[in-house]
Structure formats: C-alpha cells, structure tokens
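Commentary on secondary and tertiary structure
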Amino acid sequence: TRKVIFFKKGLGELPPFFLLLDRFESRDEKEHDCEVSFQLPYVPISAFEHCVKVSYKNGATMKMISDKYPKIQIGQYAPHYIGWKPIHSPKEHEHAPAPVVSYTKRGLDTRFATLLLPFGEETDVSASVSLTDNGFEIAAGGETFAFEYSDERFATVSNIE
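Below is a short write-up of the structure.

About the thresholds
Residues numbered from 1 in each chain as written. Predicted model: local features only at pLDDT ≥ 70, side-chain atom pairs only at ≥ 80, totals over all residues. Heavy atoms only, no water. Patch = residues over 30% accessible without salt bridge, like charges linked within 9 Å, V, L, I, M, F, W, Y side chains within 5 Å. Areas by Shrake-Rupley, 256 points an atom, 1.4 Å probe, with all protein chains shown as cover. Salt bridge = Lys/Arg side-chain N within 4 Å of Asp/Glu carboxyl O. Helix = DSSP H or I, 4+ residues; strand = E, 2+ residues; numbered from the N terminus. Buried < 20%, exposed > 50% of the residue type's maximum accessible area, 1.4 Å probe, protein only. Pairing = 2+ DSSP bridges. 1 Å grid on protein atoms, 1.4 Å probe; cavity = no way out; pocket = protein on both sides within 12 Å on 5 of 7 lines; lining within 4 Å. Points joined across faces, edges and corners; volume = space filled by probe spheres on them. Nonpolar A, V, L, I, M, F, W, Y, C, P; charged D, E, K, R; others polar.

Quick notes on a nonpolar patch on the surface
Together, Y42, I72 and I74 make up a nonpolar patch on the protein surface, roughly 280 Å² of accessible area in all. Looking at the secondary structure, you find I72 in strand β7 (residues 71–73).

Brief notes about unusual backbone geometry
Phi at E29 is positive, roughly 65°, even though this residue is not glycine. Topologically, E29 is positioned in the loop between β2 (17–25) and β3 (32–39). You will see that E49, though not glycine, has its phi angle at about 50°, which is positive.

Quick look at the pattern of salt bridges
Inspection of every chain in the model, using the stated rule, returns six salt bridges. Between R106 and E31 there is a salt bridge, and its shortest N-O distance comes to 3.6 Å. Of this pair, R106 sits in strand β10 (residues 100–107) while E31 sits in the loop between β2 and β3, and the two are 75 residues apart along the sequence. Judged by relative accessible area, which is 44%, E31 ranks as partly exposed. Here R106 makes a salt bridge to D33, at a shortest N to O gap of 3.0 Å. Remark: D33 occurs in strand β3 and R106 occurs in strand β10; sequence separation between them is 73 residues. Through salt bridges with shared partners, one network takes in R23, E25 and D109.

Things to note about the pairing of strand β12 (residues 128–131)
Here β12 pairs with strand β13 (residues 135–140) via four bridges, running antiparallel. When the sheet's bridge partners are listed, V129 is paired in β13 with I138. The antiparallel hairpin formed by β12 and β13 contains three residues in its connecting segment.

As for the layout of surface pockets
Any empty space left between the atoms is revealed when a probe the size of a water molecule rolls over them. Each pocket or cavity is described by its volume, and for the largest pocket that value is around 190 Å³. Every residue along the wall of the largest pocket is listed here: F48, E49, H50, C51, K63, I65, S66, V125, S126, A127, S128 and V129. At the level of secondary structure, the elements contributing two or more residues to the lining of the largest pocket comprise β6 (61–66) and β12. Per-element tally for the lining of the largest pocket: the top contributor is β6, with three residues. Class assignment for the residues of the lining of the largest pocket results in six nonpolar, four polar and two charged. As a volume, the second largest pocket reaches approximately 160 Å³. Taken together, T1, R2, K3, L21, D22, R23, R111, F112, L131, Y149 and F154 make up the full set of residues lining the second largest pocket. For the lining of the second largest pocket, the elements supplying multiple residues, two or more each, are β1 (2–7), β2 and β11 (109–119). Among the elements that take part in the lining of the second largest pocket, β2 stands out by supplying three residues, more than any other. Split by residue class, the lining of the second largest pocket holds five nonpolar, one polar and five charged.

Have a look at this one:
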C-alpha cells in the first residue's frame, strides 16, 4: 500500500513537500525482497547518503530523501532491463537511458518513507526521514517532528495544515 501525504504549508524550515509511505506485507509468512522505484528524466542527478538530488535546467531542484540508501541504475540490460525510457521515434522499441532510483529491503512487514522535496536554487534545505514503531519522524533545521500512523489526519486523503 502507498499513502501520499502533502505537507501543504511545509514543516519548520521546509517548504511544501510530499511524503510517500509504502508498506509491503507478506501474505505467505515468508520474507520477501521489497523495492520502491522511481523513474526520472535524464537530468543531472547526484546522490549522498539517503538523498538523491535532481537538478532541472530551469533552476528547479527536487530532493528524494529516504530512510534507506538509494541504488541508481541507468541504461542496464543485465541482470534485468532497467534505466530506460521510451522515446518518440518511428523505430519500434527505441529507448534512451533514464535513471531509476530504487530502495530495497527484505522482510515480512516492510516499510519505506520517502520525502519528495521540491525547491528553487535559493532554497536548498537539508532534511531526513525515519520510521519508528508507530509512525515516522522528519528532521530539518535542528528540529524533529514526530507523527503517528494513527493520526486522524492520515486516515483519509487530506492536507496537513
């Protein structure tokens, strides 16, 4: 399951952003490898620890900040075909390299948290996200904000004011 939470007014020093909460639950009582992946356009990207930074030509930037370390794959054929996007061409099956950012973990009840943090050139900010037993925490600017999954604001589609 995936829950998308839009922090419309931001949080602390963070501008408005999205938080993706993904959960994989085993139905056969066996551990499984779980993966959350994001296909990106072929733009400059960089990675440092839990953060992937995507820079666009117009000056806009997006950070993908996760509680897991990212794996970036571009234009790979083996062990499986990944890191490609179709391009408009009269030729069939023509593709161009495009980065795929993925996060993986093995488990029975596996959770991922990913911040999607857009900002302009002048507002580069640092943040982190972590999962707790009952929810998640977002840290930025020396402050930590804790939320529980049971928070009624997360029960339905809503904006966090």
